[in-house]
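One-letter residues, chain by chain:
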Amino acid sequence: MPQYKLYYFNLRGWAEPARQLFKLAHVEFEDVRIENGTPEWEDLKPKTPFGQLPFLSVDGFEIPQSAAILRYLGKKFGFAGKTPEEEAWVDAIVDQFKDFVSPLRQIIMAQRGGNSDEIQRVQKEVFEPARDGFIKILNGILEKSKSGFLVGDGVTWADLVIADIVTTMEKLSVFDVELGENQKLIAHREKVNSIPEIKEHNEKRPDAVV
Ligand SMILES: N[C@@H](CCC(=O)N[C@@H](CS)C(=O)NCC(=O)O)C(=O)O
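- Under the annotation held in an unreviewed UniProt entry, the protein chain carries the name glutathione transferase and is attributed to Caenorhabditis tropicalis.
- Annotation of the protein chain in UniProt includes, under Sequence similarities (unreviewed entry), the sentence "Belongs to the GST superfamily. Sigma family."
- Among the UniProt annotations of the protein chain, the heading Catalytic activity (unreviewed entry) holds the following wording: "RX + glutathione = an S-substituted glutathione + a halide anion + H(+)".

Shown next as structure tokens:
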């Protein structure tokens, strides 16, 4: 078995679904957590493949970019879809999520800035239209799903990404868990998070807003 080391900050963020994949597959890995803004990160940054975290080291072979890491681990561990068509849908869902990252980042930055007019503006003009469009797409997929998972009849890395982002939006107070149109995503997150390995991991992990 190769020696896996997953490097990321002390957040869920871009690395959490990869941590969950290791747990699902019962594969040991080193969860290396770096503090941003420290000399440790300043020293490591220029040595990382693309100057950012996360990256995965597999016996010293380094893979950057969270989706590439997830696709690699998903394929290796059997959580990437069972056919090339399922794999394509897993990719498409996560690509759609990546289109949503910019508006999500804008609301996070506005909240951090603390200016309530700016938070309101970004929320109404940028974030909510993007969020609602994304939720509509996911609802359409879940409506057709026979398994309750996004692709095929079992959990894939796309399910982990989407369940995690619902949690992030909830923690940022930009996703109403009571709202009717959000119930399919709530049920989906519940299905993912009640997988015993995921449940155990989530209960033990450090808490983080993102
Ligand atoms: N597209 C990349 C985004 C990675 C990214 O934005 N990493 C941020 C932390 S969330 C980072 O390394 N920031 C520190 C820096 O750029 O110095 C991925 O999916 O892995």
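Still more ground to cover, so stick around.
### Here's the deal with the site of the ligand
Working step 1: The environment of the ligand is made up of Y8, F9, W14, W41, K45, Q52, L53, P54, Q65, S66 and R105.
Working step 2: In the environment of the ligand, an oxygen atom lies 2.8 Å from a nitrogen or oxygen atom belonging to the side chain of K45.
Working step 3: The side chain of Q65 places a nitrogen or oxygen atom 2.8 Å from a nitrogen atom of the ligand.
Working step 4: Protein contact buries 76% of the 510 Å² of open area that the ligand shows by itself.

### A word on the nonpolar core
Working step 1: Y4, L53, L73, F97, L104 and I162 are the most contacted members of the largest nonpolar core, which has 67 residues in total.
Working step 2: Looking at which domains feed residues into this core, each of domain 1 (4–78) and domain 2 (84–194) gives three or more.
Working step 3: Apart from residues lying up to four places away in sequence, L104 is in contact with F127, I165, M169 and L172.

### Quick look at the domain arrangement of the protein chain
Working step 1: The domain architecture assigned to the protein chain consists of domain 1 (4–78) and domain 2 (84–194).
Working step 2: Taking only C-alpha atoms, the centre of domain 1 and the centre of domain 2 are 22 Å apart.
Working step 3: Every contact between the two is made by 13 residues of domain 1 and, on the other side, 14 residues of domain 2.
Working step 4: Between domain 1 and domain 2, roughly 1100 Å² of surface is buried when both sides are summed, and carbon and sulfur atoms account for 62% of that area.
Working step 5: Considering only the side of domain 1, the residues that lose the most area to domain 2 are R12, W14 and R71, jointly responsible for 44% of the buried surface there.
Working step 6: Between the two partners, domain 1 and domain 2, sit 2 salt bridges.
Working step 7: When the shortest N-O distance is used, the salt bridge between R71 and D91 registers 2.9 Å.
Working step 8: Broken down by secondary-structure element, the contributors of at least two residues to the side of domain 1 that touches domain 2 are α1 (16–25) and α3 (66–77).
Working step 9: Residues that form the side of domain 1 that touches domain 2 fall into these classes: 6 nonpolar, 3 polar and 4 charged.

### Focus on the sheet that holds strand β1 (residues 4–9)
Working step 1: In spatial order, the strands read β2-β1-β3-β4; together these 4 strands make up an open sheet with mixed pairing. The sheet is open, and its two edges are formed by β2 (30–34) and β4 (61–64), each paired on a single side. Within the sheet, the average angular offset between the axes of one strand and its neighbour, ignoring direction, is 20 degrees.
Working step 2: α1 rests against β1, β2 and β3 (55–58) of the sheet, and its axis sits at about 150 degrees to β1.

### What about the pairing of β2?
Working step 1: Relative to β2, β1 runs parallel, the two being bridged by 5 bridges. Counted as the bridge partner of Y7 is V32 from β2.
Working step 2: Handedness of the crossover joining β1 and β2 through α1 is recorded here as right-handed.

### Examining the UniProt feature "domain: GST C-terminal" (unreviewed entry) in the protein chain
Working step 1: Under the UniProt annotation, the feature "domain: GST C-terminal" (unreviewed entry) is placed at residues 83–210.
Working step 2: The distance separating the terminal C-alpha atoms of residues 83–210 is 32 Å; by composition the span is 73% helix and 0% strand.

### Quick look at the layout of surface pockets
Working step 1: The space that makes up the largest pocket amounts to roughly 930 Å³.
Working step 2: It is helix α4 (residues 84–113) that contributes the most residues to the lining of the largest pocket, 9 residues altogether.
Working step 3: Its residues assigned to classes, the lining of the largest pocket shows 21 nonpolar, 7 polar and 5 charged.
Working step 4: A domain-level breakdown of the lining of the largest pocket finds at least three residues from each of domain 1 (4–78) and domain 2 (84–194).

Conventions we followed
Residues numbered from 1 in each chain as written. Predicted model: local features only at pLDDT ≥ 70, side-chain atom pairs only at ≥ 80, totals over all residues. Heavy atoms only, no water. UniProt positions renumbered as here; feature names shortened; annotations may be inferred. Near = heavy atom within 4 Å. Polar contact = N/O pair within 3.5 Å; in protein donor to acceptor, adjacent residues only side chain to side chain. Areas by Shrake-Rupley, 256 points an atom, 1.4 Å probe, with all protein chains shown as cover. Core = buried A, V, L, I, M, F, W, Y, C linked by side-chain atoms within 4.5 Å. Buried < 20%, exposed > 50% of the residue type's maximum accessible area, 1.4 Å probe, protein only. Domains from an automatic or database assignment. Contact = heavy atoms within 4.5 Å. Buried area = accessible area lost by both parts, 1.4 Å probe. Salt bridge = Lys/Arg side-chain N within 4 Å of Asp/Glu carboxyl O. Helix = DSSP H or I, 4+ residues; strand = E, 2+ residues; numbered from the N terminus. Nonpolar A, V, L, I, M, F, W, Y, C, P; charged D, E, K, R; others polar. Pairing = 2+ DSSP bridges. Axes fitted to C-alpha atoms, helices over the stretch in contact; angles between N-to-C directions. Right-handed = clockwise from strand over helix to strand, strands pointing away. 1 Å grid on protein atoms, 1.4 Å probe; cavity = no way out; pocket = protein on both sides within 12 Å on 5 of 7 lines; lining within 4 Å. Points joined across faces, edges and corners; volume = space filled by probe spheres on them.

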